[in-house]
Structure formats: structure tokens, C-alpha cells
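The chain contents come next:
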Amino acid sequence: MQAYFSLIGFGPQGWGAQLAWATLMTLSVSVAAFATGTVFGVAGAWAKLSGGPVLRGLADAYTTVLRGIPDLLVIYLFYFGGSALLTRLGTLMGHDGFLGLNGFVVGMLAIGVVSGAYQTEVMRAAYLAIPRGEIEAARAVGMGRALMLRRIVAPRGLRIALPGLGNVWQQVLKESALISVTGMVELLRQIHIAAGSTRLPFDFYATGAALFLLLTTITSLLFRGAERRTQRHERAR
Amino acid sequence: MDLAFLGETLLRLASAIPTTLELAFVSVSIGLALALLLALLRASSVIGAACVRAYVFVFRGSPLLVQIFLIYYGLGQFDAVRESFLWPFLRRPWWCAILALALNTAAYGSEIIRGGLAAVPAGSIEAGRVAGMSRFTLYRRIVLPLALRQALPAYGSEIIIMVKSTSLASIITITELTGTARQIVSDSFRAIEVFVCAGLIYLAINFVLTRAVLLLERTLTPHARGVPR
Amino acid sequence: MTDVVTLRDLHKSFGPLKVLDGISLTARAGETIAIIGASGSGKSTMLRCIPLLEVPERGDITIGDETIRMNTARGGRAPADSAQVNRLRGQLGFVFQSFNLWAHMTVLENVIEAPVHVHKRPRNEVVDEAMALLEKVGLAEKCEAYPAHLSGGQQQRAAIARALAMRPKALLFDEPTSALDPELVGEVLGVIKGLAEEGRTMLIVTHEMGFAAEVASRAIFLHAGRIEEEGSPRQIFAEPTSDRTRQFIRRYLERA
């Protein structure tokens, strides 16, 4: 037991510092990907709800495709495809040789567009779940479109969407482990390295699983807290 | 556009479809049986419920890829495992992938079935009890048929997710669809065309599966269909 | 006359709330007993005790000449022999307020389910009998329909056919028309009235006083978990001796 703690601790033999840094990387790439997804989600939901037939069709294709293919494939497409494009572009500009994309950027974009597809559906459903009467009431007091969006639709919709967004976040956090295939040193990659160099794969992968569990648990508590705060008005007095 | 290359790529990718489907089918079958057991265990006793909750928490809260690595690389660390009769299975990437996928989907599946069980109307159960049904008959004739029908749509989504998850098996050297795509890319350096082709195949598989589940739903739940009175 | 259902000194509480406070009652063969009383008086709980949907804390339940054996364990009182309970339940027909048809089965499948899978009778014979029962409740042409596609009145008539298919010694009705739209109440009451005329043994918890007065051979007024008054319908409705019964009847008439 003591051997295990010195292994993952911060001592001279320990991997603690690397693991802490890698955990931070996992968190930051997840936050970046989720935020990217929110941009796509807002755009997608808007297109589905109030776009014309072309925009609606595009948004439908976007959510169908991105939810129908493996995330790993999306990451490969962005990583290898992006690098191929970049290299071709580089040759045109007179740069010789391979140009690779940064793993963080790839992960942020790839997981971002996937999570955007799910966020699109969550936000669309949330908008549709706002009681029509409340929107009519806003119209009745003379609110314009923008004001209504800002004062009524956005806050009301966000409250309804929070549980769904919480699920998407958990998904993003877990999918971020796939970015390790690009070689970017996030939590799983660091675990992989440590497991290989110490020849203690079980200890390290179990530690990795535990750290991910810690992250998902803490952040889900944060989401739950946010839900409770924003839904105070729903509770019976 | 290089049609000859695209055609050849599609053919090579198509030859990997059976591997992907087999991974999905075997792990979903094992996972479903396990999920049913877990859901019933969860409903049976306080201790059983606590164990199942812990299981679900661990497998839903950590990445599938970590679970695959833990089984594929991690278990071999122990002599006891390497000397056991299971080692011929556990040293093979194929069985490790199946095991991880099945354990993972069982966690999600048990929650889906639990939702189905919770949605069985209390009145339907009471009607079974007053008819003199034993616990076993009640479960077999009333509770499980109603719960599984209720759970079917959500379980359909879980199957789609599992088809997508089989792509992770490529990371431990299995040449299913995604693994084959990677091989073609490393031979041809034409990433975009190849991965787009692979994506189209996944979409087609999932489209067919979605339709199949919908059809199953229709045949199993004629009572839910709106019929004009 | 033979005793079909006998309750002796039933007591039942939900938490601090005492619902049954010593109920004794015997239903003899061919009797139609109407059980009336305000909501919360314990009438539904009493009826639900008969097939042991509720387990009384004290008292005995006898179906025919067989008394349900009970155990008092640490966790409370429970039936000693679940096989016996299931067997005796199989001799009763219970009709719920909310029908409780099984949604995944057609009307006919609902009716034959227990005879085939509990009584283990041959399916062919049961189907013939079930069709005759559906004919009797006026639903023969709906036998292939699913419950979701029927009106409340049709569902309740199907549920009555399902109860009859048990070949029950007694039929128990728990407010059979309370969940129905007013215009559908009549068709269900008509079916129950027909059964009373056949001389079946029935216990009916109901709020339909006119119906109770018309079909019952005996009426029982429950108040606060006790039998406040019992007698012929004429006596209970026209000349009640208890003030509480009189009050209850008067309030009912004022509302109607």
C-alpha cells in the first residue's frame, strides 16, 4: 500500500506531479471542447427552430452524422485529415515537409463538434419545453424578439437544459480520453506512459479510472448544485 | 476525385464490417443478460442494490477506453491472472474488447431496464397479484414484458452507442472498421477520403439498426399505437 | 347458506393513521353487499384486505372454509404461506377502480391470462369461456383490441370479464365507476346489476347510492374504520338508526 502511494505521490519516485498536470490538461481540453460545442449547439438549435428549409436540413444532417459515427473517427479525421490539409497548404506556401496539428486543438475541435450535435438537441428540446403561455405573456407585455430572448427564453431555457447539458459534459469529459491517440499528454496518455515505464499497468490504469471518476463526480455535483440554485423557483414553498 | 481509390477503399472497409458487427453483437448480448441480472439484483435487496449502484457508478463514470486498457494491459500484471485458465482469453485483444464493452453496456443497460421496471404501473402488478400469480409468473407474464417494451427505445440508442464504441477496439490492435481505415490511411496517406468512407459505413449500419429497432417496437407494442376508436 | 368470505376483527393502520379498527363481516353465498361510507372511512382498505393486497395487523380472513395463515415476524405480520394466498386469490375476482388491465395484452388475452397461467387450464376451453364472458359484458367484438384503444367503460367491462374468468366464489368491486366519465357509468352498473340478478356473491364498495339501494341485498355503512350500521338497503337508506349514517345519507342526497 505504501509502495503504491509513493508511486503516485509527489516524492522523487512518484508520478504525482505529472498526473496532476495531466489531470489539469484533461480538464482544460474538456472545458474548451464543451465551450466549442456550446457555440455549435446554439447555432444548431437556432437553425433547427427558426431557420429556413436549407438551414434546417443542414442542422439535421449535422446532428444525424455526428451522432451516428464514432467519436474516435471524428478525432482521426480532424487529426490526420487536418494535418494532411495543413501540409498541402504548407507546400503551396513553400514549406517543405509534414505539418502536424496540435493535439489540444484537434481534441477541442473534434470533441467540440460532436458535443455540439448533442447540445443542439438538448437546447432545442429545452426551448420547446418552455411553456407557450410564458412566451405569449412576454409578447403581451410588448417585449421585442431580442428582449424576449434575453429576458425570458434564454434564462428559462437554460434552467430546463441544465440536466441535459450536464450529461453532455460528462460525455465530453470521458471522450477527452480519446485525444490520447494524438499523442497529446492528457490524463490517459500520462497514465499510459507511467504504466509502461513502471511495468505496473494495473496500478496506473486503476488510478486513471479513479481520477476520471473523481472528475466526473465533482463536476456532476457542481452541475447538480447549479440546477438546484436555478430551480429554486420551481420548488413548492 | 480518384474513383478507383475510393472503390478499393470501400471494398476493403466493407470486409471489416463483419468484425465490427460481431464485436457489437456479442458484447450487447452478454451485456443485456448482465444488465437484466443487475436490474433484478438492484430490485431484490438493500445490499444487492448497493453493489449494483457502485458497479454502475464506476462503469458510467470512467472512460470506456480506460476500462479497455485496464483489462487488456492491467490484468496481466498479476501472476494469478496469467496462470489462471482465463489467461488464454484475457491475453487476446478480442476477448478483452468484448469483456470491456459488455461490462460497460451492462451498466448503462441496467439503468435503462430499471427505468422500465419503475414505469410498470402499480395497478398492473396488483391485478396480477389478485389473480393469484406467483412472483415468478408475475415477473414472467406481466412485469418483464411491460418493462422491456418500455425500455426498448432507450435500449435502441444504447445499441447504436455500442456500435460506435466498438471503434475503440482498434486501439488495442483489432482491425475492425476504424482499425482498417487507419491501416489504409497509413498505406495511402489519404486520411480525409478514407475516414469519410468509414463514417458513411457507420452511418449506414446505424440507420439500418435504428429502423430495425423501430420495427421491433411496432410489432411488440401494438397497444401503444394510436387506433381511431 | 354457506359463508363465502368471512372477516374477523380486522385492524389496519397506515403509520399513525388507524384505517380499520375491528371489522367483522360475513358474506354468504348469493349475497350482494354494498359497502358505503365517506372517503377515508376504510371501505376500500377493508375490501383490499380480502385478497391480501393489504395485510391487516390483526384479525383473520377466511375464504370458503380456509383461513389465511399468518406469521408475525419482526418486520410485521405477513402471510405464512404465499402458495396458499395465491391459491385463495385465484378463487376471487377483483375489479379495480382504475381497471388495471394489462396494457401489453388484448382484451381476450387479459381475460384468459390467469385461467391459463395461474389455474393451468387448457387454453381452448378457456378461450371459449372467455368469449362467452365478453359476449355477456357486451365486448365480444372488441376481443382483439388493446386496452389503450377502449373507452373507460369498455375497459371496466373487460376487467369484469377478466374477474369472472377466475370462476370466482366471490366478486369484489372497489369503486368500479369512480374513475369513469358520468356518461359511461351506466353501462358498467348495468353489467354489475346483471351479475347480482344471477345470484353471484359480491362485495361492492361504491359511491353510487341509488345503485346500491337497488341491487344490494345488504348494505354496510363504515365510519372511522368500524361498521357503524348494517342492514337492508331500505333500512339503511330510508330509516337509518345511527346519526352518522343519517348525516351521510342526507349530505349525499343534498349533493345529488
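Above this text you will find the structure in question.
Chains are numbered independently. Their residues run from 1 in the order of the written sequence. Ligands are numbered from 1 and chains lettered from A, in the order in which they are written. Given that the model is predicted, a residue must reach a pLDDT of at least 70 before its local features are reported, and side-chain atom pairs must reach 80 or more before they are shown or counted; all residues, however, enter totals for whole chains, interfaces and linings. The basis for every side-chain value is the complete set of heavy atoms in the structure, and neither hydrogens nor water enter the calculation.

Participant: Any chance you could explain the interface of chain B and chain C here in plain terms?
Facilitator: Contact with chain B, which involves 24 residues of that partner, is made by 26 residues of chain C. Two parts placed together each lose some accessible area; with a 1.4 Å probe, that loss summed over both constitutes the buried area. Taken together, both faces of the contact between chain B and chain C bury some 2,200 Å²; the carbon and sulfur share is 57%. The working definition used for a salt bridge is a side-chain nitrogen of Lys or Arg within 4 Å of a carboxyl oxygen of Asp or Glu. For the pair chain B and chain C, the number of links is two salt bridges. Across the pair arginine 141 of chain B and glutamate 113 of chain C runs a salt bridge, and its minimum N-O distance is 2.6 Å. Polar contacts, as counted here, are pairs of nitrogen or oxygen atoms within 3.5 Å of one another; within protein the pair requires one atom able to donate a hydrogen and one able to accept it, and residues that are adjacent in sequence qualify only if both atoms are side-chain atoms. Here chain B is connected to chain C by six residue pairs in polar contact (both at pLDDT 80 or more). Those elements that provide at least two residues to the side of chain B that touches chain C are helix H8 (122-130) and helix H9 (135-165) of chain B. Three classes are used, and their members are as follows: Ala, Val, Leu, Ile, Met, Phe, Trp, Tyr, Cys and Pro are nonpolar, Asp, Glu, Lys and Arg are charged, and the others, Gly among them, are polar. Here the residues of the side of chain B that touches chain C sort into nine nonpolar, eight polar and seven charged. Only heavy atoms matter for contacts: two residues are in contact if any of them lie within 4.5 Å across the pair. By definition, any uninterrupted DSSP run of H or I lasting at least four residues is a helix, any uninterrupted run of E lasting at least two residues is a strand, and each is numbered from the N terminus.

Participant: Could you clarify how one ought to interpret the interface of chain A and chain B in this entry?
Facilitator: Size of an interface: often given as the accessible area lost when the parts come together. Contact with chain A, which involves 33 residues of that partner, is made by 32 residues of chain B. For the pairing of chain A and chain B, the buried interface totals around 2,900 Å² over both sides, and the portion due to carbon and sulfur atoms is 78%. For chain A, the biggest contributors to the area lost against chain B are Leu73, Lys174 and Phe202 of chain A; these three give 20% of the whole. Viewed at the interface, chain B and chain A are joined by zero salt bridges. Every element with two or more residues in the side of chain A that touches chain B is listed here: helix H3 (53-68), helix H4 (71-92), helix H8 (187-198) and helix H9 (201-230) of chain A.

Participant: When you look at the sheet that holds strand S1 (residues 3-14) of chain C in this model, what are you seeing that I'm missing?
Facilitator: Note: strands within a sheet are paired through backbone hydrogen bonds, in either parallel or antiparallel orientation. Residue and element names in this part refer to chain C. Judged by pairing direction, the sheet is antiparallel, and its four strands sit side by side in the order S2-S1-S4-S5 without closing on themselves. Unpaired on one side and paired on the other, strand S2 (17-28) and strand S5 (66-67) mark the two borders of the sheet. Bridge count between S1 and strand S4 (residues 58-63): five bridges; the pairing is antiparallel. Opposite arginine 8, over in S4, you have aspartate 60 as the bridge partner. Only strands that DSSP links by at least two bridges are regarded as paired with each other.

Participant: Just checking my understanding: could you explain the layout of surface pockets for this structure?
Facilitator: In this approach the atoms are scanned with a rolling probe the size of a water molecule, which exposes any empty space left behind. Residue and element names in this part refer to chain A. The rule is simple: put a 1 Å grid over the protein atoms alone, call a set of points where a 1.4 Å probe fits but cannot get out a cavity, call an open set with protein on both sides within 12 Å along at least five of seven lines a pocket, and count a residue as lining if it has an atom within 4 Å of a point. Grid points are joined across faces, edges and corners, and a volume is the space filled by probe spheres set on the points. In this structure, the second largest pocket spans a volume of roughly 830 Å³. Considering the residues around the second largest pocket, the lining is formed by 27 residues, among which Leu49, Tyr127, Leu149, Val153 and Ala154 are closest to the centre. Among the elements of the structure, helix H2 (16-50), helix H5 (103-129), helix H6 (132-140) and helix H7 (145-175) are those that each provide at least two residues to the lining of the second largest pocket. The leading source of residues in the lining of the second largest pocket is H7, at ten residues. Partitioned by chemical class, the residues of the lining of the second largest pocket number 18 nonpolar, five polar and four charged.

Participant: Looking at this structure, how should I read the arrangement of the chains?
Facilitator: Contact analysis covers two pairs of chains in contact, and the most contacts occur between chains A and B. One finds no contact between chain A and chain C; the C-alpha atoms of the two approach each other to within 24 Å at their closest.

Participant: In this structure, what is going on with the packing of aromatic side chains? I would like to understand it.
Facilitator: Geometrically, a pair of aromatic rings is defined through the distance of the ring centres and the angle of the planes. Two aromatic rings, drawn from Phe, Tyr or Trp (for Trp, its six-membered ring), form a pair once their centres lie within 6.5 Å of each other, and the interplanar angle then sorts them: stacked below 30 degrees, edge-to-face above 60, tilted otherwise. Overall, the coordinates contain 16 aromatic pairs over all chains when judged by the stated rule. Plain terms: the ring middles of tyrosine 79 of chain A and phenylalanine 80 of chain A are 5.1 Å apart, the flat faces sit at 70° to each other, and that makes the pair edge-to-face. By the ring-pair criterion, three or more aromatic residues cluster together here, those being Tyr76, Tyr79 and Phe80 of chain A together with Phe195 of chain B. Only Lys NZ and Arg CZ are tested; either one counts as a charge over a ring when it is within 6 Å of the ring centre and within 35 degrees of the ring normal. Positioned above the aromatic ring of tyrosine 118 of chain A is the side chain of arginine 67 of chain A, whose terminal nitrogen or guanidinium carbon lies 5.9 Å from the ring centre.

Participant: Teacher, can you tell me more about empty space enclosed by the protein here?
Facilitator: Under the defined criterion, the tally for this structure stands at two cavities of 30 Å³ or more. For the largest cavity, the lining is made up of 15 residues, of which Ala127 and Val130 of chain B together with Phe94, Arg162 and Ala163 of chain C are closest to its centre. Considering every element that reaches the lining of the largest cavity, the biggest residue donor is strand S8 (residues 92-95) of chain C, with four residues. Looking at the lining of the largest cavity, its residues break down into 13 nonpolar, one polar and one charged.

Keep in mind these values describe shape, not function.
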